[in-house]
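# Structure at a glance
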Amino acid sequence: MISIFVLDADGTSHTIEAKPGLTVMEALRAAGLPLKAACGGSLACATCHVIVAEKDFDRVGPPSEDEEDMLDQGFDVSRTSRLACQISVCAELDGLSLRLPRRS
Amino acid sequence: MSHLAQTDIAIIGAGPIGLSAIFACGHLGMRCHVIEALSDVGGQCTALYPEKPIYDIPGFPSIAAADLIARLVAQGRPFAPHFHLGQQAVKLTRAGDALSVEISDGSTIAARAVIIAAGGGAFGPNRPPLAGIESLEGTSVHYWVKDAATFTGMRIVIAGGGDSAVDWAIALSQYARSVTLVHRRERFRCAPASLQKLDELRRSGRIALKVPYQLAALKAESGKLEAIEINHVDGRHEQIEAEHLLACFGISSNLGPLRDFGIALSGERILVDPFTMETSERAVFAVGDVARYSGKQQLIVTGFAEAVTAARTAYDRVFPDSPFHFQHSTDRSAPHLNLEAHKVDTELMTVARTAASIET
């Protein structure tokens, strides 16, 4: 199990436990956070858009070209934005910090 | 335009599962009306990934999503479903055993049972999270263009990086006083010919390109848009004076009015009895991604089975005085199936089987 720190759109902090083998999207949803995954994690939408903390971006890595194409449908996309369904939970990401973008 | 339609089953959603429900119901002698928010059937398969191959449909090692939809439409055709495209189910009411679904244009569909196959909810355009945007929708903020000529002499900002944004920028540049295309990165996802045309229009000054920028805020006065604030990826803010914003950020689904249908929900999904697919409301069923029960998997094949189960249970609600006589679709005496409609496929199957037996 690893820990992920999430700041939601209302400014509330959450600490969640995530199992290696799942994606960050699955971990956040399992923890009850309001992260949508309209396409079920198949890289066909941008509803699981998260912003990774600067300090953790090197660990997580940049989005793939296909992911960039879907991020075009997101809002307030930053340099450290990722689609949570494309980030695999692993030991190396323990202590990962991210925030959820503002909602429509 | 308001009229009353009467049918056995009202199906909400014409994605793969809703379409399969047409056959499942028809096979049991039940007619249906199908309500779909988009202007075309197919749900996510058509709207999000028509070209993508699906590998987990039993009987199809690989099938393009659009092909699966075409086959499902063909399969349901013998049962003459009525489609209400571009309509959302907005209200569900009951008078005894009679259910009524009201749709966006005010029409009502009366049915003995309702099957909700809404996926994640009706698809709608992605709305930028900008303060005050909702009140400007339809007047100064748009998600599609019905008639390019209405923008004659206007200043318009188009936000997005795909085919829609680029094609509309090209089309509107002929009418608008100014067209500014705002996109978060250098790369546009569109046909090469469109990219070329975009570049020509940029060089001739017909289209202004603001890249890499994103929408930051709207400035409106007395209900009319006056300017759009955009910000550069490094934080710089700029303001573009415009009367209109066209936002092209794709589509996604929303449970919307289904949330107020008076049926038990679990988060964004509808709770069902897994043995009947019935919701907390008698004769109202939920199937596919929108349904929730312990162990539910979000698979098309699972949804197909759920639609068959819902149809079987609905039969008892629609024909409470008729015993259920089970018949396989292969039964040559089956009275409900119009076998002629499937004859072409039957012949193809015979040829395939003959060829296979010759090879062995």
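Parameters at a glance
The numbers attached to residues start from 1 for each chain and follow its sequence in the written order. Throughout, the order in which chains and ligands are written sets their labels, letters from A for the former and numbers from 1 for the latter. Where totals are concerned, whole chains, interfaces and linings use all residues; where local detail is concerned, this predicted model gives features only for residues with pLDDT of at least 70, and gives and counts side-chain atom pairs only at 80 or more. Secondary structure elements follow DSSP: runs of H or I of four or more residues count as helices, runs of E of two or more count as strands, with numbering from the N terminus. Radius of gyration: C-alpha atoms only; globule rule: 2.2 Å multiplied by the number of residues to the exponent 0.38. Any residue pair is listed as a contact if its two C-beta atoms, each placed from the backbone, are within 7 Å. Polar here means any residue outside two lists: the nonpolar Ala, Val, Leu, Ile, Met, Phe, Trp, Tyr, Cys and Pro, and the charged Asp, Glu, Lys and Arg; Gly therefore counts as polar. Residue ranges assigned to each domain were obtained from an automatic or database domain assignment. Each pair of strands is called paired provided DSSP finds at least two bridges between the two strands. Every angle, taken between N-to-C directions, lies between 0 and 180 degrees, and every axis is a line fitted to C-alpha atoms, over only the stretch in contact when it is a helix. Counting other C-beta atoms within 10 Å of a residue's own tells you its class, since 20 or more makes it buried, 12 or fewer makes it exposed, and anything in between is partly exposed; those C-beta atoms are placed from the backbone. In this scheme, a crossing is called left-handed if the near helix is turned counterclockwise away from the far one by less than a right angle; it is called right-handed if the turn is clockwise. By convention the nonpolar core is taken to be a set of buried residues drawn from Ala, Val, Leu, Ile, Met, Phe, Trp, Tyr and Cys and joined through C-beta atoms within 7 Å. A residue's pLDDT is simply how confident the predictor is in it, with values from 0 to 100. For classification, angles of less than 35 degrees are called roughly parallel, those exceeding 145 degrees roughly antiparallel, those between 65 and 115 degrees roughly perpendicular, and all remaining angles oblique.

To continue, consider the overall build of chain A. Tallying secondary structure elements over chain A gives three helices and five strands in all. For a compact globule of 104 residues, the expected C-alpha radius of gyration is about 13 Å, and chain A comes in at 12 Å, within 12% of that figure. Across its three principal directions, the C-alpha atoms of chain A cover 30 × 25 × 25 Å.

The interface is formed by 16 residues belonging to chain A together with 19 residues belonging to chain B. Considered class by class, the residues forming the side of chain A that touches chain B number six nonpolar, four polar and six charged.

Here we come to the domain arrangement of chain B. Once the domains are mapped, chain B shows domain 1 (4-124 + 253-353) and domain 2 (133-248). For domain 1 of chain B and domain 2 of chain B, the distance between their C-alpha centres works out to 39 Å.

Attention now goes to the sheet that holds strand β13 (residues 155-159) of chain B. Residue and element names in this part refer to chain B. Spatial strand order, β12-β19-β13-β14-β15: five strands in an open sheet with parallel pairing. Of all strands in the sheet, those with a lone pairing partner are β12 (141-142) and β15 (207-210), marking the two edges. Pairing analysis gives four bridges linking strand β14 (residues 178-182) to β15, with the strands arranged parallel. When the sheet's bridge partners are listed, T180 is paired in β15 with A208. Where helix α5 (residues 163-172) meets the sheet, its contacts fall on β13, β14, β15 and β19 (244-247), and the angle it forms with β13 comes to roughly 165°.

Below, the discussion takes up the sheet that holds strand β7 (residues 89-95) of chain B. All names here are of chain B. With respect to topology, four strands assemble into an open sheet ordered β1-β9-β8-β7, the strand pairing being mixed. Strand pairing shows two members of the sheet lacking a second neighbour, β1 (4-6) and β7, which therefore form its edges. Here the strands of the sheet are splayed against their neighbours by 20° on average, with no regard to which way each runs.

Bringing unusual backbone geometry into the picture now. All names here are of chain B. A cis amide bond links V211 with the next residue in sequence, P212, at an omega value of -5°. Within the fold, P212 resides in the loop between β15 and β16 (213-221). In this model, A80 sits at a positive phi of 45°, which is unusual for a non-glycine residue. For S222, which is not glycine, the phi torsion reads 50° and is therefore positive. Within the element layout of this structure, S222 appears in the loop between β16 and β17 (224-232). A residue is classified by how many C-beta atoms lie within 10 Å of it, and S222, with 5 of them, is exposed.

Residue and element names in this part refer to chain B. As a packed pair, helix α1 (residues 16-26) and helix α7 (residues 300-318) sit with axes 9 Å apart at the nearest point and diverge in direction by 40°. Considering only the axes of α1 and α7, their crossing is right-handed. Side by side, α1 and α7 meet where P16, I17, S20, A21, A24 and C25 of the first sit next to I300, G303, F304, A307, V308, A310, A311 and A314 of the second. Taken together, the residues of the contact of α1 with α7 sort by class into twelve nonpolar, two polar and no charged.

An α-helical segment advances 3.6 residues per turn. Residues three or four places apart therefore align on the same side. When we look at burial in α5(B), the residues that qualify are S164(B), A165(B), V166(B), W168(B), A169(B) and L172(B). Those residues of α5(B) that are buried lie in contact with β13, β14, α6 (192-203), β15 and β19 of chain B.

Once that is clear, we can look at the pairing of strand β3 (residues 49-52) of chain A. Residue and element names in this part refer to chain A. Along β3, one buried face is formed by H49 and I51 and the opposite face, lined by V50 and V52, is buried too. Bridging between β3 and strand β4 (residues 81-83) involves three bridges; their strand directions are antiparallel. Along β4, the bridge assignment pairs H49 with L83.

Residue and element names in this part refer to chain B. Counting residues in each nonpolar core, the largest one holds 62 residues, and the members touching the most others are A21, V114, I115, I116, F285 and A314. In terms of residues, this core owes the most to one element, α7, which gives eight residues. Not counting chain neighbours up to four residues away, the residues in contact with I115 comprise I9, I11, A21, F285, V287, A310 and A314.

Turning our eyes to something else, we now look at the confidence of the model for chain B. Close inspection of predicted coordinates is inappropriate for parts of the model with low pLDDT. Residues and elements named next belong to chain B. Confidence in the prediction of chain B, expressed as mean pLDDT, is 91, and 92% of residues score 70 or more. Confidence drops under a pLDDT of 50 for residues 341-360, and excluding neighbours within four residues, the segment shows two contacts in the predicted structure. Interface confidence for the predicted complex, expressed as ipTM, amounts to 0.91; the pTM equals 0.82.

Residues and elements named next belong to chain A. Secondary-structure assignment places V6 in strand β1 (residues 2-7). When the C-alpha positions of V6 and R29 are compared, they lie 12 Å apart, and in sequence the two are 23 residues distant. Apart from residues lying up to four places away in sequence, V6 is in contact with H14, I16, L28, L33, L98, R99 and L100.

Turning our attention to the packing of α1(B) against helix α3 (residues 65-76) of chain B. All names here are of chain B. It is the contact of α1 with α3, at a shortest axis distance of 8 Å, that shows an interaxial angle of 25°. Here α1 lies roughly parallel to α3, going by the angle between them. Seen along the crossing, α1 lies across α3 with a hand that is left-handed. Each of P16, L19, S20, I22, F23 and G26 in α1 lies in contact with α3, whose residues at this interface are L68, I69, L72, V73, Q75 and G76. Its residues assigned to classes, the contact of α1 with α3 shows eight nonpolar, four polar and no charged.

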